[in-house]
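Listed below, chain by chain, are the residues.
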Amino acid sequence: MAIRNIVKKGDEVLNKRCKEVKEINTRVLELLDDMTETMYEGNGVGLAAPQVGILKRIAVIDVGDGLLELINPVIIESEGEQIEVEGCLSVPGVYGKVKRPQRVVVEYLNRDGEKTHTEGTGIKAICISHELDHLDGVLFDEKVIEFVEYENDEKEKD
Ligand code: ZN
């Protein structure tokens with residue numbers, strides 16, 4: 001595994017729509033492993049492939065209840081709303097309140113290529129929604145309804 005460089009806002013790779021993964025080969029598995037390591041190294045709770053410069057529909061998430069590896073994820077159910085402060089490893093030092101669903105169900109392929117799904121509520125729903133936005137080239141700061149200043153830089157980052 002290896003730590004990859006995190007692409008920062010301003011790089012156009014973050015504004016592009018990612019392509020579906022057609023085949024889960026060793027490069028995809030290596031990418032998943034590297035993204036996970038890079039996310040943990042950056043103290044993030046999620047990371048999407050374009051954040052390491054790869055335009056594939058892949059994201060990793062860990063909000064404290066275990067690692068979730070999402071390949072070709074699609075939100076198939078969404079309900080309610082919540083407004084919480086978000087940050088992003090690709091938009092350092094910027095935090096703001098964003099409106100997200102309270103609960104989502106996401107369908108995806110796991111690393112064995114099996115179609116499966118998981119439910120997320122609270123911060124997990126936020127994180128799933130934030131990472132899936134990355135796969136469509138959308139950064140959270142475009143959705144911020146109120147920016148927030150922090151004294152230190154310890155807020156969780158997606
Ligand atoms: Zn992000």
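Parameters at a glance
- Residues numbered from 1 in each chain as written.
- Predicted model: local features only at pLDDT ≥ 70, side-chain atom pairs only at ≥ 80, totals over all residues.
- Heavy atoms only, no water.
- Helix = DSSP H or I, 4+ residues; strand = E, 2+ residues; numbered from the N terminus.
- Rg over C-alpha atoms; globule rule 2.2 N^0.38 Å.
- Contact = heavy atoms within 4.5 Å.
- Areas by Shrake-Rupley, 256 points an atom, 1.4 Å probe, with all protein chains shown as cover.
- Lys, Arg positive; Asp, Glu negative; His and termini not counted.
- Charge placed at Lys NZ, Arg CZ, Asp CG, Glu CD.
- Disulfide = S-S within 2.5 Å.
- Buried < 20%, exposed > 50% of the residue type's maximum accessible area, 1.4 Å probe, protein only.
- Donors = N, O, S within 2.8 Å, 3.2 Å for Na, K, Ca; no water.
- Expected span 1.5 Å × (residues − 1).
- Phe/Tyr/Trp six-rings, centres within 6.5 Å; stacked < 30°, edge-to-face > 60°.

**Structural notes on the overall build of the chain**
Phase 1 of the analysis: Within the chain one finds 2 helices and 8 strands.
Phase 2 of the analysis: In terms of overall size, the chain behaves like a compact globule, its C-alpha atoms giving a radius of gyration of 14 Å where 158 residues would be expected to give roughly 15 Å.
Phase 3 of the analysis: The principal-axis extents of the C-alpha atoms in the chain amount to approximately 40 × 35 × 30 Å.
Phase 4 of the analysis: Put simply, of all contacts in the chain between residues at least 6 apart along the chain, 68% involve residues at least 24 apart.
Phase 5 of the analysis: If you sum the accessible surface of the chain, you get close to 8,100 Å²; carbon and sulfur atoms cover 44% of it.
Phase 6 of the analysis: Measuring between centres, the 20 positive side-chain charges of the chain sit 6 Å from its 33 negative side-chain charges.

**Quick notes on the state of the cysteines**
Phase 1 of the analysis: Overall, the coordinates contain 0 disulfides when judged by the stated rule.
Phase 2 of the analysis: Take Cys18: it sits in no disulfide, and the sulfur closest to it among the cysteines is that of Cys88, at 13 Å.
Phase 3 of the analysis: Classification of Cys88 by relative accessible area gives buried; the value is 1%.

**Here we look at the coordination of the zinc ion**
Phase 1 of the analysis: Protein-derived ligands of the zinc ion are Cys88 (SG), His130 (NE2) and His134 (NE2), with the metal-ligand distances lying across 2.0 to 2.3 Å.
Phase 2 of the analysis: Here the donor residues of the zinc ion are spaced in sequence according to C-x41-H-x3-H. Note that Cys88 is positioned in the loop between β4 (82-86) and β5 (95-100) and His134 in helix α2 (residues 123-135), a separation of 46 residues in sequence.

**A short note on α2**
Phase 1 of the analysis: If you check α2, its first and last C-alpha atoms are 19 Å apart, about what 13 residues at 1.5 Å a residue would give, namely 18 Å.
Phase 2 of the analysis: Burial runs high along α2: 12 of the 13 residues are buried.
Phase 3 of the analysis: Regarding α2, the residues found buried are Lys124, Ala125, Ile126, Cys127, Ile128, Ser129, His130, Glu131, Leu132, Asp133, His134 and Leu135.
Phase 4 of the analysis: One or two residues past the end of α2 sits Gly137, with phi positive at roughly 80°.

**Considerations on the packing of aromatic side chains**
Phase 1 of the analysis: Per the counting criterion, the structure on display carries 1 aromatic pair.
Phase 2 of the analysis: Plain terms: the ring middles of Tyr95 and Tyr150 are 5.1 Å apart, the flat faces sit at 85° to each other, and that makes the pair edge-to-face. Of this pair, Tyr95 sits in strand β5 while Tyr150 is found in the segment after β8 (146-148), placing the two residues 55 residues apart along the sequence.
Phase 3 of the analysis: Judged by its relative accessible area of 3%, Tyr95 is buried.
Phase 4 of the analysis: The class of Tyr150 is partly exposed, set by a relative accessible area of 35%.

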